[in-house]
Amino acid sequence: MSMATRLRLENIVKEYPGCRANDGIDLVVEAGEIHALLGENGAGKSTLMKVIYGVVQPDEGRIIWNGHPVTVDSPARARELGIGMVFQHFSLFETLTVAENIALNLPADETRDRRQLEQRIRDVSERYGMALDPRRYVSTLSMGERQRVEIVRCLIQESTLLILDEPTSVLTPQEVRVLFQTLRQLAKEGCSILFISHKLEEVRALCDNATVLRQGRVSGDCRPAEVSATEIARLMVGDDTPISTQVGESEPGALLLSVEGLSWRTDDPFGTSLSDIRFSLREGEIVGIAGVAGNGQEELLKALSGEIRLSGHAIRFAGTAIDGLAPQERRRLGMAVVPEERLGRGAVPSMSLASNALLTASGQGLVAHGLIRYPKVRAFSREVIRRFGVRCVSEDSSAASLSGGNLQKYILGREALQNPKLLIASHPTWGVDVGSAVAIHEALVALRDQGAAILLISEDLDELYQLCNRMGALCHGRLSPLVPTAGLSIERLGQWMAGDFPQEVSDAAA
Amino acid sequence: MELLTNVLAATVVAGTPLLLVALGELVCERSGVLNLGQEGMMLMGAVAGFIAAQASGSLAVGVFAAILTGIAMSMLFALMAVTLAANQYAAGLALTIFGTGLSAFVGAGFVGHSIDGFGKLAIPLLSDLPVIGKVLFTQDLLVYLSLILFVSVLLFLSRTRGGLLLRAVGESPHAANANGLKVMTVRYLAVAFGGGMAGLAGAYLSLAYTPMWTEGMTAGRGWIALALVVFASWRPERVLLGAYLFGAASILHLVLQGLGWKSSTELLAMLPYVVTILMLVLLSWHPARTRLNTPLSLGQPYRPGR
Amino acid sequence: MLLLERRPVASPVMRWASPLLALLLTVVTGFFLFLAMGRDPLAGLKFFFVTPVSDVQGLAELGLKMAPLLLCAAGLTLCYRAKLWNIGAEGHFLMGALGASIMAVQLVDAQGPWVLPLVLLAGMAAAAAWAAIAAALKTHLNCNEILTTIMLNYIALNLLLYTVHGPLKDPYGFGFPQSVMFGDSALLPALVPGTRLHLGLAFGLLAALAVWALFARSFVGFQLNVVGEDPRAAAFAGFGARRLTWFAFLVAGALAGLAGASEVTGPIGQLVPQVSPGYGYTAIIVVFLGRMHALGIVAASALLALTFLGGEMLQIAMNLPKAVTGLFQGLLLFFLLTCDAFIHYRLRWRGPATAGVRSVAPAGEA
């Protein structure tokens, strides 16, 4: 190897109150190398890249850039050095244009001439196959286009190290392929790429080297193409955590939920309208809806849960139209919902787990004559904690004090313990550690086997392929046909995620 | 015609304090900070301006003191709401309650004093224009200043990098921080501008509008300005329009009495407040437009950190 | 370097220590203020805090001022728990006084035990209706409640002024803007004979008790808490924000209305323009200082009642402007919010050597 070392980290330590996020991390990235940083949620990946990009300062350790020790005390300094960052939750301003967003990151004298800047943006984006219109407002762009803005922004600043944080989670499979081409082209030109991910197959397909983190430490280095996904997974989670769920066959039963021509117009300028959604759901089956975030998932969930109430008879649950029913009334009929955001929707962060049980389970005899029966609330809460292995001090712990995975188990357990006929779960394993994700998948399958119908809205295609009997995709508030998972190729699903499916569809029954 | 010209001129005068305070609050809100302390800052500006002007014998000193006092008050707010990330509603209310109390206390010895306030200053040539000349160009110095400030804010927001920075921070302080923009600095400056403008607006009341000090002399103008900013969907040109509309509403009872209309002063005095509510009601017809223009992070405390 | 650092969990100790600390800071500031004005600070503080309540008569006056504060604050607690920023207690109070007065003037010659309840109910109904305007504007027209309630306060004041100057003016009142004196049947009985302390304080304490029960035991109280803590979770759970908004506003209106009605049927006995020295605004401070908790607001209302008495006392004894009351209240609220920051934050001393120097060598150019 005759490559020069672009970035070397030595013994990086970063401590937050109550948690040592980085505990002596070493990392080497060569020039022109695509290097993966792997690890499950909470392993310290995000903290490490914030250290590199100057968003936070390390408590200990050295950063060596092109052979020189440096202090990266701000993102501006990082950009000056040639470090560019593509955030997972993009750091773009929706109400500004593409050019304005990029201008904010450039020195003032380079942005004075707007026309010249726009031309630079066009040049760079075309050169790397990422067409962009600099005058468009970011709020009108798709997730994939927004990612391009972030990448182009780095390239305009002539970054020699590009950090990408979970870049594929917002892309369709086709868009992923284009992104990988761009990244390979960049690497060939000498740009180093630090690719942060937890998706092993992607890393194996793209990266030259990988560094795996576990609990704030480096648990191993490897050449991903030369080892199996299971070996890497073991480095990520250790030896005693199960890494996948066994999903048995299921026998779908009677029709439970049917949605016919569900349409809804949003008055939120940043929201998505739903148009003519139709699908059906049987007892004892898991049906998946794939799609890039922001394509109407939240709105569909709200329409089904009752947060958005409609007039008409588009949604029938066990034969009754429920369009106009409030969330509690739907819950009483046997519907349960696990929303995407755990804190701040599924649970009130500052309240205790017991109080959070009251949020949706008040119908389980926890309230009588308008008064709360606290002993019963606690008993219910303890039962959820016990049955679903929620790790916490007690039912008095605040929701915010739990890790993402444990809180998600609690929220799912709260719904599952009410024996729902239908469970709608949105991104249930997003940002959750592998152990909890397996537990959540097992809980969903167990519910299915008890005869419940499950609607799984997710961005994680692996999860959908693993669990679902049937699936389809949501794009711009329109739903593709739902077809048996076994016969649906990832290419086809990718096209559907991009909106490429026939307008008039009939729901293919399982 | 004579009457109309007079009424329009009086409208501009009555609208000027609103324009000043609302412009300041607009900039402040564009950075994502909602400062409900306008009333308190205005009152402090009014009393400080009056006392300083009387003590020094110079109106300029008074205006200067009022602006500084407004900024000082706003820094108290910024300490709570920006640095300590306290609830912005509570902090703003505290500022108003504090300012109301402090101004009454400080000014207790000055009630009933009077000074020579700002006089009209006709601008050569322009003041000879029909109607417009009397309405816009035969006014006091502070009215001209308010118009200059209006144009400056307008240009700042739409044309400068600083304006871009302000809008970016107001939309998403987290994204701004991730981009390495100085969120705290931007917010402090925006709050300080709001404070200075509120102080100036107060000075306009006690040095030009009615050159004297009385307890609570702002009579809710700080609150009306807050409504005005929402009504204007955070756009300076609409703030200008709205401020003069309010100016008209608040002198209407004088006009009606001048015309010989017999009606209770108390009932007519309600008018600006009723108009404010009606204005808020009008807004509800275009919820999407309001939401589109609202600085997205408005009112949410920002805590830098992980 | 002194660092402000977020605590991993909010400090329950600071939550209750903060009001005491704020009071201490206010007193210390007061001390220096007196000093700066060339007055004896110890004597000043004594006149403000001690002298007004050093005898039974003074304590009764304290209870008299406590009553409206407590009633207004009890209602506002519901609103603020749900993060409904109702600033309209002053307006509710004035409308309560106005409604009760109109009824009392109608019934000026009536006798019997039914007169007083009817008068009080009229006040509560008028105030609740006034609060309903703000509630409707919020739930149906999406108007910001802070601005609408403030505006409604100004309108209520002008309405009251119009009424005492016009329709309700006592024709034999020598031109003074005031109503006739109410009949005896419309007056609140005294709570402690020989003092001006009337039944209003009992209403206030009952209201505080009810607020305690609401938030300690009832599901509605829980729902109000959730709406305030996390509106998105409340929407997800299906707790109707509209219904809860109406509930909170109507209760706040009725209680503040009862306060206003008790004021005109208690110590004053007629409608006058200066029926409130700003009780409705002071009640906001009471709620924050009392931590939105029943017990807390009882204690806080006593303290703020004292600021009214203390202000009057300083005016008499030391010839200071009465505005000292407002100044004191403002300082208190200001210090409270500052101290409240330390519920979530703590100060930590961090030597400059630990972070900067050890970690990095001088920057080199790439």
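Here the structure is a predicted model, which is why all the values come from computation and not from measurement.

**A short note on the overall build of chain A**
Moving on, step 1. A count of helices and strands for chain A gives 17 helices and 23 strands.
Moving on, step 2. Radius of gyration (C-alpha) of chain A: 24 Å, near the 24 Å computed for a compact globule of 510 residues.
Moving on, step 3. Seen along its three principal axes, the alpha-carbon backbone of chain A occupies a region of about 70 × 50 × 45 Å.
Moving on, step 4. Burial analysis of chain A (510 residues in total) assigns 51% to the buried set.
Moving on, step 5. Contacts in chain A between residues at least 24 apart in sequence constitute 69% of all its contacts with a sequence separation of at least 6.

**A closer look at the overall build of chain B**
Moving on, step 1. Each helix and strand in chain B was counted, giving 14 helices and two strands.
Moving on, step 2. Its C-alpha atoms give chain B a radius of gyration of 19 Å, within 12% of the compact-globule value 19 Å for 306 residues.
Moving on, step 3. Projected onto its principal axes, the C-alpha coordinates of chain B cover approximately 65 × 45 × 40 Å.
Moving on, step 4. Across chain B, every contact between residues at least 6 apart in sequence was considered, and the portion connecting residues at least 24 apart equals 78%.

**Considering the nonpolar core**
Moving on, step 1. Formed by 393 residues in total, the largest nonpolar core has its most connected members in Leu228(B) and Cys72(C).
Moving on, step 2. Each of domain 1 (5-237) and domain 2 (255-342 + 420-497) of chain A contributes no fewer than three residues to this core.
Moving on, step 3. Leaving out residues up to four positions away in the same chain, Cys72(C) has contacts with Ala89(C), Phe93(C), Leu255(C), Ala256(C), Ala259(C), Tyr279(C), Gly280(C) and Ala283(C).

**A few points about the packing of helix H3 (residues 56-81) of chain C against helix H10 (residues 241-268) of chain C**
Residues and elements named next belong to chain C.
Moving on, step 1. Where H3 meets H10, the closest approach of the two axes is 7 Å, and the angle between their N-to-C directions is 170°. Classified by the angle their axes make, H3 and H10 are roughly antiparallel. Note on element contacts: H10 touches H3 through Ala248, Phe249, Val251, Ala252, Leu255, Ala256, Leu258, Ala259, Ser262, Glu263 and Pro267, opposite Leu64, Ala67, Pro68, Leu71, Cys72, Ala74, Gly75, Leu76, Leu78 and Cys79.
Moving on, step 2. Residues of the contact of H3 with H10, tallied by class, amount to 18 nonpolar, two polar and one charged.

**Some details on the sheet that holds strand E5 (residues 68-70) of chain A**
Residues and elements named next belong to chain A.
Moving on, step 1. Overall, antiparallel pairing links the four strands, which are arranged E2-E1-E4-E5 in an open sheet. The open sheet terminates on both sides in strands that have one partner only, identified here as strand E2 (19-30) and E5. When strand polarity is set aside, the average angle formed by the axes of neighbouring strands in this sheet is 25°.
Moving on, step 2. Where strand E4 (residues 60-65) and E5 come together, three bridges link them in antiparallel fashion. Paired with isoleucine 63 across the strands is valine 70, a residue of E5.

**Quick notes on the interface of chain A and chain B**
How big an interface is tends to be reported as the loss of accessible area on association of its parts.
Moving on, step 1. In this complex, chain A contributes 21 residues to the contact, which on the side of chain B involves 17 residues.
Moving on, step 2. At the level of elements, helix H2 (75-81), helix H3 (98-104) and helix H4 (108-111) of chain A are the ones that each hand at least two residues to the side of chain A that touches chain B.
Moving on, step 3. A total of three residues in the side of chain A that touches chain B trace back to one element, the largest contributor, which is H3(A).
Moving on, step 4. Here the residues of the side of chain A that touches chain B sort into twelve nonpolar, five polar and four charged.

**Considering the packing of helix H1 (residues 2-30) of chain B against helix H10 (residues 221-231) of chain B**
All names here are of chain B.
Moving on, step 1. H10 packs onto H1 with a crossing angle of 55° between their chain directions and a minimal axis gap of 9 Å. The angle between the axes of H1 and H10 places the two elements in the oblique class. Classified by chirality, the crossing of H10 by H1 is right-handed. Across the interface between the two elements, Pro17, Leu18, Val21, Ala22, Glu25, Leu26 and Glu29 of H1 pack against Arg221, Gly222, Ile224, Ala225, Leu226, Leu228 and Val229 of H10.
Moving on, step 2. For the contact of H1 with H10, the per-class residue count stands at ten nonpolar, one polar and three charged.

**Comments concerning the interface of chain B and chain C**
Moving on, step 1. Taken together, the contact between chain B and chain C spans 38 residues of the former and 38 residues of the latter.
Moving on, step 2. Taken together, the elements giving at least two residues each to the side of chain B that touches chain C come down to helix H3 (59-83), helix H4 (88-107), H10, helix H12 (265-269) and helix H13 (271-283) of chain B.
Moving on, step 3. It is H4(B) that contributes the most residues to the side of chain B that touches chain C, twelve residues altogether.
Moving on, step 4. Looking at the side of chain B that touches chain C, its residues break down into 29 nonpolar, seven polar and two charged.

**Brief notes about the confidence of the model for chain B**
Moving on, step 1. Per-residue pLDDT for chain B averages 90, and the proportion of residues at 70 or more is 99%.
Moving on, step 2. Predicted complex, confidence summary: ipTM 0.90, pTM 0.91.

**Considering unusual backbone geometry**
Moving on, step 1. A positive phi is found at Asp276(A), a non-glycine position, where the angle reads about 50°.
Moving on, step 2. The phi dihedral of Val131(B) is positive, around 55°, even though this residue is not glycine.

**Here's the deal with helix H1 (residues 45-53) of chain A**
Residue and element names in this part refer to chain A.
Moving on, step 1. Most of H1 sits out of view: nine of its nine residues are buried.
Moving on, step 2. Every buried residue of H1 is listed here: Lys45, Ser46, Thr47, Leu48, Met49, Lys50, Val51, Ile52 and Tyr53.
Moving on, step 3. Phi turns positive one or two residues past the end of H1, at glycine 54, with a value near 80°.

**Let's talk about the UniProt feature "domain: ABC transporter" (unreviewed entry) in chain A**
Moving on, step 1. Residues given the UniProt feature "domain: ABC transporter" (unreviewed entry) here are residues 7-240 and 257-501 of chain A.
Moving on, step 2. Along residues 257-501 of chain A, the helical share is 34% and the strand share 22%, with 23 Å between the first and last C-alpha atoms.

**Focus: the sheet that holds strand E9 (residues 209-214) of chain A**
Residue and element names in this part refer to chain A.
Moving on, step 1. If you walk across this open sheet you meet the six strands as E6-E7-E8-E3-E9-E10, and the pairing is mixed. One side of each edge strand has no neighbouring strand; the edge strands of this open sheet are strand E6 (83-86) and strand E10 (217-222). Strand-to-strand twist in this sheet, taken as the mean axis angle between neighbours without regard to direction, amounts to 20°.
Moving on, step 2. Sheet topology note: the strand E3 (residues 34-38)/strand E8 (residues 192-197) ladder contains five bridges and is parallel. For leucine 37, the partnering residue across the bridge sits in E8 and is isoleucine 196.
Moving on, step 3. Running over the sheet, helix H6 (residues 143-156) touches E6 and strand E7 (161-165) and is turned about 175° from E6.
Moving on, step 4. Sheet strands in contact with helix H7 (residues 173-188) are E3, E7 and E8, and its direction is about 145° off that of E8.

**Quick notes on the domain arrangement of chain A**
Residues and elements named next belong to chain A.
Moving on, step 1. Here the domain parsing of chain A yields domain 1 (5-237) and domain 2 (255-342 + 420-497).
Moving on, step 2. Computed from C-alpha coordinates alone, the two centres of domain 1 and domain 2 are separated by 32 Å.
Moving on, step 3. With 14 residues of domain 1 at the contact, the number on the domain 2 side is 14 residues.
Moving on, step 4. For the side of domain 1 that touches domain 2, the secondary-structure elements that each account for two or more residues are H7 and helix H9 (229-237).
Moving on, step 5. Class assignment of the residues belonging to the side of domain 1 that touches domain 2 gives a composition of six nonpolar, six polar and two charged.

**Quick look at the environment of Gly326(C)**
Moving on, step 1. Note on placement: Gly326(C) falls in helix H13 (residues 324-344).
Moving on, step 2. Under the C-beta neighbour-count criterion, Gly326(C) is labelled buried, with 27 such atoms within 10 Å.
Moving on, step 3. Spatially, the C-alpha atom of Gly326(C) lies 16 Å from that of Phe47(C), the residues being 279 residues apart in sequence.
Moving on, step 4. Leaving out residues up to four positions away in the same chain, Gly326(C) has contacts with Thr100(B), Gly101(B), Ala104(B) and Phe105(B).

**Some words on the pairing of strand E21 (residues 470-475) of chain A**
Consecutive side chains of a regular strand alternate in pointing toward one face of the sheet and then the other.
All names here are of chain A.
Moving on, step 1. Of all six residues in E21, six are buried, a share of seventy percent or more.
Moving on, step 2. Burial along E21 is two-sided: Arg470, Gly472 and Leu474 and Met471, Ala473 and Cys475, pointing in opposite directions, are all buried.
Moving on, step 3. The pairing of strand E13 (residues 286-290) with E21 spans four bridges and is parallel. Bridge assignment links isoleucine 289 to a residue of E21, and that residue is glycine 472.
Moving on, step 4. Of the strand pairs in this sheet, E21 and strand E22 (residues 478-479) are connected by two bridges, and their pairing is antiparallel. Within the sheet, the bridge partner assigned to cysteine 475 lies in E22 and is arginine 478.
Moving on, step 5. Once E21 ends, the chain turns through two residues before running back antiparallel as E22, passing histidine 476 with a positive phi of about 50°.

Procedures and definitions
- Residues numbered from 1 in each chain as written.
- Chains lettered and ligands numbered in written order.
- Predicted model: local features only at pLDDT ≥ 70, side-chain atom pairs only at ≥ 80, totals over all residues.
- Helix = DSSP H or I, 4+ residues; strand = E, 2+ residues; numbered from the N terminus.
- Rg over C-alpha atoms; globule rule 2.2 N^0.38 Å.
- Buried ≥ 20, exposed ≤ 12 C-beta atoms within 10 Å, placed from the backbone.
- Contact = placed C-beta atoms within 7 Å.
- Core = buried A, V, L, I, M, F, W, Y, C linked by C-beta atoms within 7 Å.
- Domains from an automatic or database assignment.
- Axes fitted to C-alpha atoms, helices over the stretch in contact; angles between N-to-C directions.
- Parallel < 35°, antiparallel > 145°, perpendicular 65-115°, else oblique.
- Nonpolar A, V, L, I, M, F, W, Y, C, P; charged D, E, K, R; others polar.
- Pairing = 2+ DSSP bridges.
- Left-handed = near helix turned anticlockwise from the far one by under 90°.
- pLDDT = per-residue confidence, 0-100.
- UniProt positions renumbered as here; feature names shortened; annotations may be inferred.

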